[in-house]
Amino acid sequence: MGGDLNLSSSLDPDALRTAFAVNRRLHIPGLLAQANADRLADRLEAERSWTTIVAAGGDYFEMPLDGRLAADPSKQSWLDAVAVDGRGRATQYVYDTRRPGGSDDPNVVDQALAFLNGAPFLDLMRGVTGDDRIDFADAQASRYRPGHILTAHNDLSVGKNRLYAYVLNLTREWRADWGGTLVFYGDDGHVEQGWVPGFNALNLFAVPIGHAVTQVAAHAATDRLSIVGWLRSHTPVGPQTREEAVAASARPVV
């Protein structure tokens, strides 16, 4: 299914590897051939089967959507309240996701996933990072609407063997004052770098590193759309137990 997606012929792997080595993160404009990026964005924009996911106050919630509305109309007021203030709790994240459907219900994420696990993309990622431990990519689509946010975290997860995180941005036009910026934090707690979503750009960064997606503004005129996930290994990498994860998260993230 991912065979109709191709890398741009203008990518320079050697230059990308040199740039990535500086801070172990990189913004790569024009990842896909332009027509491929347009077709993928078309499918993502037309997708209706989303799920709002919320982590707030130590609890986790999921709510199926039909387009932008709750699939169950009786839940709409709850959904509207979440978008405003995370139900009044300490919110870790609020955004919409679309996961792979698999062979029974293939969707746009399955198309992207096939491409991301193809030799051209994985070989490019191994070359850019200089890391032959990369075995595969996972993926989901994300949609950030006004009020949505992903607060500071470092992507460490028990037993997931995550090496690098990636974001393939598929919003055609985005303004910096609409929020939704991927930001990275320095040791002093200040924002060290930030990338506004750029259409057909891949953001790539090593795990762990402190980062967040700033809240999408109420006046944003469109949704922030992307395919996101991690480049992972089949062999153990990072924390394998909850205790290891807690210890790792307590250390400074660089």
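Residues numbered from 1 in each chain as written. Predicted model: local features only at pLDDT ≥ 70, side-chain atom pairs only at ≥ 80, totals over all residues. Heavy atoms only, no water.

Draft legend 1. Spatial organisation of the overall build of the chain. Regarding its fold elements, the chain presents six helices and 14 strands. The burial tally for the chain puts 49% of its 254 residues in the buried class. When contacts within the chain are restricted to residue pairs at least 6 apart in sequence, long-range pairs at least 24 apart make up 78% of them. Accessible surface for the chain amounts to roughly 11,800 Å². Of this, 51% is attributable to carbon and sulfur atoms. (Helix = DSSP H or I, 4+ residues; strand = E, 2+ residues; numbered from the N terminus. Buried < 20%, exposed > 50% of the residue type's maximum accessible area, 1.4 Å probe, protein only. Contact = heavy atoms within 4.5 Å. Areas by Shrake-Rupley, 256 points an atom, 1.4 Å probe, with all protein chains shown as cover.)

Draft legend 2. Structural context of the pairing of strand β2 (residues 51-56). Burial runs high along β2: six of the six residues are buried. Burial of β2 is two-sided: the residues T51, I53 and A55 facing one way and the residues T52, V54 and A56 facing the other way are all buried. Two strands pair when backbone bridges link them, and β2 and strand β3 (residues 59-66) are joined in this way by six bridges, in the antiparallel orientation. Across the sheet, A55 pairs through a bridge with Y60, a residue of β3. (Pairing = 2+ DSSP bridges.)

Draft legend 3. Structural detail: the nonpolar core. Counting residues in each nonpolar core, the largest one holds 46 residues, and the members touching the most others are L31, F121, Y166, I227 and L231. Sequence-distant contacts of L231, that is, excluding residues within four places in its chain, are made with F121, M125, I134, F136, A137, N161, R162, L163, Y164, Y166 and L204. (Core = buried A, V, L, I, M, F, W, Y, C linked by side-chain atoms within 4.5 Å.)

Draft legend 4. Here's a closer look at the side chain of H148. Its place among the elements puts H148 in the loop between β7 (140-144) and β8 (149-153). Each residue touching H148, except ones within four places of it in the same chain, is listed here: V94, Y95, D96, R143, T214, Q215 and V216.

Draft legend 5. Fine view of the pattern of salt bridges. Using the criterion set out here, one finds 15 salt bridges in the structure. The partner of D131 in a salt bridge is R133, and the shortest N-O contact between them spans 2.8 Å. Judged by its relative accessible area of 7%, D131 is buried. According to the relative accessible area criterion, R133 is partly exposed, its value standing at 43%. The partner of D138 in a salt bridge is R232, with the nearest N and O atoms 2.9 Å apart. In this pair, D138 sits in the loop between β6 (136-137) and β7 while R232 sits in strand β14 (residues 224-232), placing the two residues 94 residues apart along the sequence. Just as D138 is buried, R232 falls in that class too. The structure contains a network of salt bridges with shared partners spanning D38, D42, E45 and R172. (Salt bridge = Lys/Arg side-chain N within 4 Å of Asp/Glu carboxyl O.)

Draft legend 6. The arrangement of the packing of aromatic side chains in detail. A complete count under the given rule lists eight aromatic pairs for this structure. When the ring of Y60 is compared with that of Y93, the centres are 6.5 Å apart and the planes differ by 70 degrees; the resulting orientation is edge-to-face. Pair noted here: Y60 is in strand β3 and Y93 is in strand β5 (residues 91-98), with a separation of 33 residues, a long-range link. For Y60, a relative accessible area of 43% gives the class partly exposed. When the ring of F115 is compared with that of F121, the centres are 5.6 Å apart and the planes differ by 45 degrees; the resulting orientation is tilted. When its relative accessible area of 7% is taken as the criterion, F115 is described as buried. Assessed through its relative accessible area of 0%, F121 is described here as buried. An aromatic cluster is built from Y60, Y93, Y95 and Y144, whose rings are joined through pairwise contacts. (Phe/Tyr/Trp six-rings, centres within 6.5 Å; stacked < 30°, edge-to-face > 60°.)

Draft legend 7. Region of the structure containing helix α5 (residues 119-129). Residues of α5 that are buried include every one of F121, L122, L124, M125, V128 and T129, and no others. Viewed along the axis of α5, the buried residues span an arc of 155 degrees, placing them on a single side of the element. Taken from the residues just after α5, G130 is the one with a positive phi, measuring 70 degrees. (Arc of directions from axis to C-beta.)

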